[in-house]
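# A look at the structure
Given next are the chains, with one letter for each unit.
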Amino acid sequence: MQAKALLKEHVLKIASLTDEEFDYFFSHFKPETFKKGQSIISEGDIVDKEYFVIDGCLKAFFVNDEVKMYILQFAMPTWWASDYAALYNKTKATINVDCVSDAAILSLSNSDREKICSELHQAEHFFRWRTNKGYVAAQKRLLSFMNNDTKTRYEELLALYPALYNTVPKHLIAAYLGVSRETLSRLYNSSK
């Protein structure tokens, strides 16, 4: 599906924009392509954009002082990614975003998002709804980490996002779950 059509379908599920309003909305997005492994945001960068995935898969992650990677989010088609703390607070990135596979994305600058939100009430509604859904998902994931064992978290991930298992290497899924690759292999084999 063409980038404009995919974004339009995504937005119109939530917001009521005329064709003319959507064309204006879309005019603020910039198409970009990245190769597998390419970095989009690195720790320490100034972040002024968020990214809507058209094709491919991104990961948002943090590497601690012991050089252990923690994956905060995967972003598949129609998902959004950025270092939102850095984007909204105008601070340097603490989160990295890179490409799990070749990716086509649409980038939107913070200033352009604010501009279209001030001009189009339905655009503001869309972004508020999206932010709220993201907050709920993050809260749900945190509660799962606090309450559930690894097997339950694995089963939740598999049920919610089955496409990840065909797209994302297993060592990255293990990092998302906070377990070793060996533990993930045992879970995967026991669920067959």
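Please refer to the structure higher up on the page.
Small disclaimer: the values here were computed from a predicted structure and weren't measured. (Residues numbered from 1 in each chain as written. Predicted model: local features only at pLDDT ≥ 70, side-chain atom pairs only at ≥ 80, totals over all residues. Heavy atoms only, no water.)

### Looking at the overall build of the chain
Let me state the cut-off plainly: Secondary structure counts use DSSP, requiring at least four H or I residues in a row for a helix and at least two E residues in a row for a strand, with both numbered from the N terminus. Throughout, the radius of gyration refers to the C-alpha atoms, and the reference size of a globule is 2.2 Å times the residue count to the power 0.38. Whether two residues touch is decided by their heavy atoms; if any such pair falls within 4.5 Å, the residues are in contact. Note on areas: Shrake-Rupley with a 1.4 Å probe; residue coverage comes only from the protein chains shown. Here the positive residues are Lys and Arg and the negative ones are Asp and Glu; neither His nor the chain ends is included. Here the site of a charge means atom NZ of a Lys, CZ of an Arg, CG of an Asp or CD of a Glu.
Within the chain, the regular secondary structure consists of 9 helices and 8 strands. Against the globule reference of 16 Å for 192 residues, the chain gives a C-alpha radius of gyration of 17 Å, in line with a compact fold. Overall size of the chain, expressed as C-alpha extent along the three principal axes, is 55 × 35 × 30 Å. By sequence separation, contacts in the chain at least 24 residues apart represent 69% of the contacts at least 6 residues apart. Entry remark: accessible area of the chain is about 10700 Å², with carbon and sulfur atoms responsible for 54%. Of the charged side chains in the chain, 24 are positive and 24 negative, and the gap between their average positions amounts to 6 Å.

### Concerning a nonpolar patch on the surface
Threshold: Within this analysis, patches are made of residues with over 30% relative accessible area and no salt bridge. Like charges are joined at 9 Å or less; nonpolar side chains (Val, Leu, Ile, Met, Phe, Trp, Tyr) at 5 Å or less. By definition, a salt bridge exists where a carboxyl oxygen of Asp or Glu is found within 4 Å of a side-chain nitrogen of Lys or Arg. Exposure is judged per residue with a 1.4 Å probe applied to protein chains only, and the accessible area is read against the type maximum: over 50% gives exposed, under 20% gives buried, and values in between give partly exposed.
A contiguous nonpolar patch, built from F62, Y70 and L72 and spanning about 240 Å² of accessible area, is present on the exposed surface. In this structure L72 comes out as partly exposed when scored by relative accessible area, which is 41%.

### Some points on the sheet that holds strand β4 (residues 58–63)
Inclusion rule: Note: two strands are recorded as paired if DSSP finds a minimum of 2 bridges between them. An axis is simply a line fitted to the C-alpha atoms; with a helix, the fit covers only the stretch in contact. Between two such axes, the angle follows the N-to-C directions and lies from 0 to 180 degrees.
An order of β2-β7-β4-β5 is seen for the 4 strands of this open sheet, with the pairing classed as antiparallel. If you trace the sheet from one side to the other, it starts and ends with β2 (39–41) and β5 (69–75), each paired once. In this sheet, adjacent strand axes meet at a mean angle of 30° when their direction is disregarded. With 4 bridges joining them, β4 and strand β7 (residues 96–99) adopt antiparallel strand pairing. Each residue of the ladder has a partner; that of A60, found in β7, is V97. Where helix α8 (residues 170–177) meets the sheet, it contacts β4 and β5, and its direction lies at approximately 105° from that of β5.

### Description of the sheet that holds strand β6 (residues 80–81)
In spatial order, the strands read β1-β8-β3-β6; together these 4 strands make up an open sheet with antiparallel pairing. Every other strand in the sheet has two partners, leaving β1 (30–34) and β6 as the edge strands with one partner each. One ladder, built from 5 bridges, connects β1 with strand β8 (residues 103–109); its direction is antiparallel. Residue pairing for β8: T33 is matched across the bridge by A104. Sitting on the sheet, helix α1 (residues 3–12) is in contact with β3 (49–55), β6 and β8, with an inclination near 110° to β3. Seen against the sheet, helix α4 (residues 110–119) touches β3 and β8 and runs at an angle of roughly 65° to β8.

### Considering α1
Cut-off, in case you're wondering: What the arc describes is the spread of directions from the helix axis to the C-beta atoms.
Every buried residue of α1 is accounted for by L6, L7, H10 and V11. All buried residues of α1 project into a common sector of 125° when viewed along the axis, lining one side. Against α2 (19–26), β3, β6, β8 and α5 (121–147) lie the buried residues of α1.

### Topic: the packing of α4 against α5
For the record, the criterion: Oblique is the label for any angle not covered by the other classes, which are roughly parallel (under 35 degrees), roughly antiparallel (over 145) and roughly perpendicular (65 to 115). Left-handed is the label given to a crossing in which the near helix is rotated counterclockwise from the far helix by less than a right angle, and right-handed is the label when the rotation is clockwise. For this scheme, ten residues count as nonpolar: Ala, Val, Leu, Ile, Met, Phe, Trp, Tyr, Cys and Pro. Four count as charged, namely Asp, Glu, Lys and Arg, and the remainder, Gly too, count as polar.
Running from N to C, α4 and α5 point in directions that differ by 125°, and their axes come no closer than 5 Å. For the element pair α4 / α5, the angle class is oblique. The two elements α4 and α5 meet at a crossing, and its hand is left-handed. Every residue of α5 that contacts α4 at R113, I116, C117 and E119 is listed here: H121, A123, E124 and F127. Of the residues contributing to the contact of α4 with α5, the split by class is 4 nonpolar, 1 polar and 3 charged.

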